[in-house]
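# Examining the three-dimensional arrangement
Residue strings, one per chain:
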Amino acid sequence: SQVTMPLFTNERRDNDGETMGLTTFDSKWKPGANVWGLRKAEVQLRTTVNPNDQWSYTRSFLSYTNKFAEKGTILLRNDKVRHQSNFGTLGFEWELTPKWTGAFFVQEDLREEESNGRGILLRQKAHRWFIDIELAQRRANSVVDGSSDFEETISIRFRPAALVDTTEPLLARISDVRQR
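Here the structure is a predicted model, which is why all the values come from computation and not from measurement. (Residues numbered from 1 in each chain as written. Predicted model: local features only at pLDDT ≥ 70, side-chain atom pairs only at ≥ 80, totals over all residues. Heavy atoms only, no water.)

## Details of the overall build of the protein
Across its full length, the protein holds 1 helix and 11 strands. A total of 180 residues make up the protein; the buried ones form 33% of that total. In the protein, the share of contacts with a sequence separation of at least 24, taken over all contacts with a separation of at least 6, comes to 37%. Total accessible area on the protein is roughly 11600 Å²; 53% of this is exposed by carbon and sulfur atoms. (Helix = DSSP H or I, 4+ residues; strand = E, 2+ residues; numbered from the N terminus. Buried < 20%, exposed > 50% of the residue type's maximum accessible area, 1.4 Å probe, protein only. Contact = heavy atoms within 4.5 Å. Areas by Shrake-Rupley, 256 points an atom, 1.4 Å probe, with all protein chains shown as cover.)

## Regarding the side chain of Thr-47
Here Thr-47 shows up in strand 4 (residues 41-50). With residues up to four places along the chain from it excluded, the contact list for Thr-47 reads Thr-23, Thr-24, Phe-25, Tyr-57, Arg-59 and Ser-60.

## Here's the deal with the nonpolar core
Counting 5 residues, the largest nonpolar core is built from Leu-75, Ala-103, Leu-121, Leu-170 and Leu-171. Those residues within four positions of Leu-171 in sequence are excluded, and the remaining contacts are Thr-73, Ile-74, Leu-75, Gly-91, Phe-92, Glu-93, Ala-103 and Phe-104. (Core = buried A, V, L, I, M, F, W, Y, C linked by side-chain atoms within 4.5 Å.)

## Brief notes about the confidence of the model for the protein
Keep in mind that low pLDDT regions are not for reading the predicted coordinates in detail. Residues at a pLDDT of 70 or more form 80% of the protein, whose mean pLDDT is 79. Across the protein, the secondary-structure element scoring lowest on mean pLDDT is strand 1 (residues 2-4), at 49, and the one scoring highest is strand 8 (residues 100-109), at 92. Considering only residues more than four positions removed or in separate chains, one finds that residues 175-180, a stretch of pLDDT under 50, has 27 contacts. (pLDDT = per-residue confidence, 0-100.)

## Some remarks on unusual backbone geometry
Positive phi outside glycine occurs at Ala-69, with the angle close to 50°. You can see Ala-69 is positioned in the loop between strand 5 (56-68) and strand 6 (72-81). One non-glycine residue with positive phi stands out, namely Glu-70, at about 65°. Tracing the backbone through its elements, the reader meets Glu-70 in the loop between strand 5 and strand 6.

## Things to note about the layout of surface pockets
Of the volumes computed, that of the largest pocket is approximately 890 Å³. In terms of lining residues, the largest pocket is bounded by 36 residues, among which Thr-167, Glu-168, Pro-169, Leu-170 and Ala-172 are the most central. Here the lining of the largest pocket takes 5 residues from strand 5, the largest share from any one element. Of the pockets and cavities examined, the second largest pocket occupies roughly 200 Å³. For the second largest pocket, the lining is made up of 14 residues, of which Arg-46, Arg-59, Ser-60, Phe-61 and Asp-79 are closest to its centre. Looking at the lining of the second largest pocket, the elements that each hand over two or more residues are strand 4, strand 5, strand 6 and strand 7 (85-95). The leading source of residues in the lining of the second largest pocket is strand 6, at 4 residues. In terms of residue class, the lining of the second largest pocket is made up of 4 nonpolar, 5 polar and 5 charged. (1 Å grid on protein atoms, 1.4 Å probe; cavity = no way out; pocket = protein on both sides within 12 Å on 5 of 7 lines; lining within 4 Å. Points joined across faces, edges and corners; volume = space filled by probe spheres on them. Nonpolar A, V, L, I, M, F, W, Y, C, P; charged D, E, K, R; others polar.)

And the structure:
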């Protein structure tokens, strides 16, 4: 079992000697226990707190990632911004072939109790490129009337392989919080 917890201060903080800036705690835990669900799991907690307001949190996320069946990964994640948003994400990733990986995600707005997005992503490992193809539906606020209808998106991204962290799961790419 391993727990790491570095402490980062806000680089843009007011540095007059009396006011502390926002503080971010970032921790990862790899239990490594010989129990299904923990053997290859990683739990990550990142929270930003305001020491000037009774150490109250301003934003946080908690994620659980676990590999299963050699080629699959599951992700459960909760992202919060105080008084603004609270999103839950469930995702599955599977290595289809040595060159193709697929992922699926569903994201819920836990404050409004409604779906916030869903999609699939395919990644091809081409010679020196990663090609990501994403089909997704996400809620977006209308600038005309403020309604929040689903928008369908199709995107294709070409990224040089040298710029892609190959140890990061594909789910990390699609599970980012997209606020309405």
